[in-house]
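# Structural overview
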Amino acid sequence: MKDETKIVVAGRSPEDNFGIVNVPVYHASTVLYSSLADLEQRHKDRSEGKKAVTYGRMGTPTTWSLEEAVAELEGGYRSQVFPSGLAACAGALQAFLKTGDHLLMTDSVYGPTRAFCDKVLNRFGIETTYYDPLIGAGISELIRPNTAVVFTESPGSQTFEIQDIPAIADVAHKAGAVVMMDNTWASPLFYKPFNKGVDVSIHAGTKYIVGHSDVMMGLVTTNKEHWETLQAGANLTGQTAGPDDVYLAQRGLRTLSVRLKQHMENALIVADWLQGRDEVHSILHPALPTDPGHSLWKRDFEGASGLFSFRLNALPKPAMAAFLDNLELFGMGYSWGGYESLVIYADPSQYRTATKWDNTNPLIRLHIGLENTDDLIADLSAGFDRLNSLK
Ligand SMILES: *Cc1c(COP(=O)(O)O)cnc(C)c1O
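Please read these numbers as outputs of a predicted model, since none were measured by experiment.

The next thing to look at is the nonpolar core. Residues Leu66, Val150, Trp185 and Met217 are the most contacted members of the largest nonpolar core, which totals 50 residues. Elements with a minimum of two residues in this core: helix 3 (61-74), helix 6 (165-174), strand 5 (178-182), helix 7 (187-190), helix 9 (243-253), helix 10 (256-275) and strand 11 (342-346). Sorting elements by how many residues they give to this core places helix 6 first, with five residues.

On to the sheet that holds strand 1 (residues 78-82), then. Strand order in the open sheet made by the seven strands is 1-7-6-5-4-2-3, with mixed pairing throughout. Edge positions in the sheet fall to strand 1 and strand 3 (127-131), since each has one partner strand and no second. Direction aside, the axes of adjacent strands within the sheet are offset by 20° on average. As paired strands, strand 4 (residues 147-153) and strand 5 are joined by five bridges and run parallel to one another. Within strand 5, the residue paired with Val149 across the bridge is Val178. Lying on the sheet, helix 5 (residues 111-119) is in contact with strand 2 (102-106), strand 3 and strand 4; it crosses strand 3 at an angle near 145°. Of the strands in this sheet, strand 1, strand 5, strand 6 (200-204) and strand 7 (218-222) touch helix 8 (residues 224-236), which is tilted by about 20° from strand 1.

Attention now moves to the packing of helix 10 against helix 13 (residues 373-389). Each pair of packed helices can be summarised by the angle the axes make with each other and by the distance between the axes. At a minimum axis separation of 10 Å, helix 10 and helix 13 run at an interaxial angle of 35°. Once helix 10 is placed against helix 13, the crossing between them reads as right-handed. Contacts between helix 10 and helix 13 involve Asn266, Ile269, Val270, Trp273 and Leu274 on the former and, on the latter, Thr373, Leu376, Ile377, Leu380, Ser381 and Phe384. Its residues placed into classes, the contact of helix 10 with helix 13 shows eight nonpolar, three polar and no charged.

With respect to spatial proximity, the complete set of residues near the ligand consists of Ser84, Gly85, Leu86, Tyr110, Glu153, Asp182, Thr184, Ala204, Thr206, Lys207, Met216 and Trp336. At 2.8 Å, a backbone N or O of Gly85 approaches an oxygen atom of the ligand. When the ligand is considered free in solution it has 380 Å² of accessible area, and contact with the protein chains removes 92% of it. Across the shell around the ligand, the residue classes tally to five nonpolar, four polar and three charged.

What follows deals with the pattern of salt bridges. Across all of its chains, the model carries 15 salt bridges by this definition. One salt bridge in this structure joins Glu279 and Arg277, with 2.8 Å as the shortest N-O distance. We note that Glu279, like Arg277, is buried. Salt bridges linked by common partners bring Lys44, Asp45, Glu48 and Lys50 together as one network.

This part is about the packing of helix 3 against helix 9. Look at helix 3 against helix 9: their axes get within 9 Å of each other, and the N-to-C directions meet at 35°. In this structure, helix 3 meets helix 9 at a crossing whose hand is left-handed. Where helix 3 abuts helix 9, its residues Thr62, Thr63, Ser65, Leu66, Ala69 and Leu73 lie against Pro243, Val246, Tyr247, Ala249, Gln250 and Leu253. Along the lines of polarity and charge, the residues of the contact of helix 3 with helix 9 split into eight nonpolar, four polar and no charged.

Remark: the centre distance and the inter-plane angle together describe each pair of aromatic rings, the angle taken between the planes. Under the criterion given, the structure shown has six aromatic pairs. An angle of 65° between the planes, with centres 5.5 Å apart, marks the rings of Tyr208 and Trp336 as edge-to-face. Separated by 128 residues along the polypeptide, Tyr208 in the loop between strand 6 and strand 7 and Trp336 in the loop between strand 10 (331-332) and strand 11 bring together distant segments of the chain. Plain terms: the ring middles of Phe310 and Phe323 are 6.3 Å apart, the flat faces sit at 90° to each other, and that makes the pair edge-to-face. On the criterion of sequence distance, the pair formed by Phe310 in strand 9 (residues 307-312) and Phe323 in helix 12 (residues 317-324) is long-range, its members being 13 residues apart. Arg114 extends its terminal NZ or CZ atom over the ring of Tyr130, reaching a point 3.9 Å from the ring centre. The ring centre of Tyr191 lies 4.6 Å from the NZ or CZ of Lys196, which sits over that ring.

The next thing to look at is unusual backbone geometry. A negative phi angle is the norm for most residues apart from glycine, just as the trans form is the norm for most peptide bonds. Residue Ser154 is joined to Pro155 through a cis peptide bond whose omega torsion reads -5°. The residue Pro155 is located in the loop between strand 4 and helix 6 in this model.

Looking at the element boundaries, Arg46 is found in helix 2 (residues 36-47). At 8.1 Å, Glu67 is the nearest oppositely charged side chain to Arg46, a buried residue that forms no salt bridge. There is a polar contact of 3.4 Å between the side chain of Arg46 and the backbone oxygen of Met58. One polar contact links Arg46 to Asn235, side chain to side chain, over a distance of 2.7 Å. Excluding residues that lie within four positions of it along the chain, Arg46 makes contacts with Ala52, Thr54, Met58, Gln231 and Asn235.

Turning to the sheet that holds strand 9, a few remarks are in order. Overall, mixed pairing links the five strands, which are arranged 8-9-12-11-10 in an open sheet. Single-partner strands in this sheet number two, and they are strand 8 (280-284) and strand 10. Sheet topology places strand 8 next to strand 9; four bridges connect them, and they run antiparallel. For Val280, the partnering residue across the bridge sits in strand 9 and is Leu312.

Rules and cut-offs
- Per chain, residues are indexed from 1 in the order of the written sequence.
- Confidence filtering applies because this is a predicted model: local features only for residues at pLDDT of at least 70, side-chain atom pairs given and counted only at 80 or more, and all residues used for totals across whole chains, interfaces and linings.
- Note: side-chain values were computed over all heavy atoms of the structure, leaving out hydrogens and water.
- Residues grouped as a nonpolar core are buried Ala, Val, Leu, Ile, Met, Phe, Trp, Tyr and Cys residues, joined through side-chain atoms within 4.5 Å.
- Residue burial is assigned from relative accessible area. The probe radius is 1.4 Å, only protein chains are included, and a residue is buried under 20% of its type maximum, exposed over 50%, and partly exposed in between.
- We count a stretch as a helix when DSSP gives it H or I for four or more residues in a row; a strand needs E for two or more, and each element gets its number in order from the N terminus.
- Only when DSSP finds a minimum of two bridges between them are two strands counted as paired.
- Fitting a line to C-alpha atoms yields each axis, with helices limited to the stretch in contact; the angle taken between N-to-C directions then spans 0 to 180 degrees.
- Any two residues whose heavy atoms approach within 4.5 Å at even a single point are treated as in contact.
- Definitions for this section: a left-handed crossing has its near helix turned counterclockwise from the far helix by less than a right angle. A right-handed crossing has that turn clockwise.
- Three classes are used: nonpolar for Ala, Val, Leu, Ile, Met, Phe, Trp, Tyr, Cys and Pro, charged for Asp, Glu, Lys and Arg, and polar for all others, with Gly counted as polar.
- A single heavy atom is enough: if one lies within 4 Å of a molecule or strand, its residue is considered near that molecule or strand.
- N or O atoms closer than or at 3.5 Å make up a polar contact, with two conditions inside protein: a donor-capable atom paired with an acceptor-capable one, and, for residues adjacent in sequence, both atoms drawn from side chains.
- Shrake-Rupley sampling with a 1.4 Å probe provides the accessible areas, and residues are treated as covered by the protein chains on show and by no other component.
- Here a salt bridge means any side-chain nitrogen of Lys or Arg lying within 4 Å of a carboxyl oxygen belonging to Asp or Glu.
- Between the rings of Phe, Tyr and Trp (Trp by its six-membered ring), a pair exists once the centres lie within 6.5 Å; its type follows the angle of the planes, with under 30 degrees stacked, over 60 edge-to-face, and the other angles tilted.
- Note on geometry: a ring has a charge over it if NZ (lysine) or CZ (arginine) is within 6 Å of the ring centre and within 35 degrees of the ring normal.
- When charges are counted, Lys and Arg contribute as positive and Asp and Glu as negative, whereas His and the chain ends are disregarded.

Note that all results are geometric; they support no functional claim without further evidence.
Quick look at the structure:
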């Protein structure tokens, strides 16, 4: 089956639900058993990996529906919901790390994941070394005997470096380390991590899977070898997500392929237009042939989403504020992946440690939504007029 078809059919079971197309929302804490034998049988089934409802926190047909669909789409073995993308990143790391372990973390990682390493994992005696996202096979020099996890995120948060995941995974596996990837940018559709050496793939479902800026959601998918560890880690720390949110995520997933194609097309049109502007220093978008990560992107990805950055030529802050303030269609706000366009200023020089980021040319991140690109370009163009009037 092709992806567009999988998105429609995966994780659904109308035959179990009176023919109703979407999976029902099961609100559950207590689950009643008809007898001691029933109770024992269901727990036995669950321990053998079968679908058995035992208690709300351990999953229901509602959560399984989303988990199955995402695992199937990504080409993984099974998937587990978490209450947010950050909880998914933290939960994956926590499941595979113990005191005395060493973690290799990309320097371009999503900021709050970095904070989890620096402010939580360090308290448990787990040491993090940040590495240059472009390191590739050179990561072998940073591997130690106690390196247990190599964490990747491609493209990098805010700065969009494409990592050579197969090369990194090859080195990590030879050293016995688990390879994790935050695959949120590409969604389960545009990057297939499990045939590139990733063991554990993480999504902020909050972004494109939900797709409507109204739900927090996380998912972790693993290959067969790493499933038990991940699931145990999630269960032992009480991870789950609310059924209404899970329902909205599986509903959003059904249109992911059409949305993402449009986000990609719109983003490329806007990026192209920005490239011709005098105010713009450079564009950070791996699907542009001029981007340093383009060849790796072309080799490994099936598409590009609607999130990219550009850098302005050096300018006074009030001129940048004049550009950002009063945009009509680009809301200023965190997160992304909904149907609407967003803009945010970011300064990676504030938190990088393994690599240096020069903030002379300020970085603006755009999420390109599903609006007509003529309107988006007109909005940005008016912003540049305001910028130029203050330069
Ligand atoms: C947003 C994001 C997260 C965190 O997701 P939340 O649902 O906001 O907690 C993690 N990783 C990446 C790459 C993200 O963009």
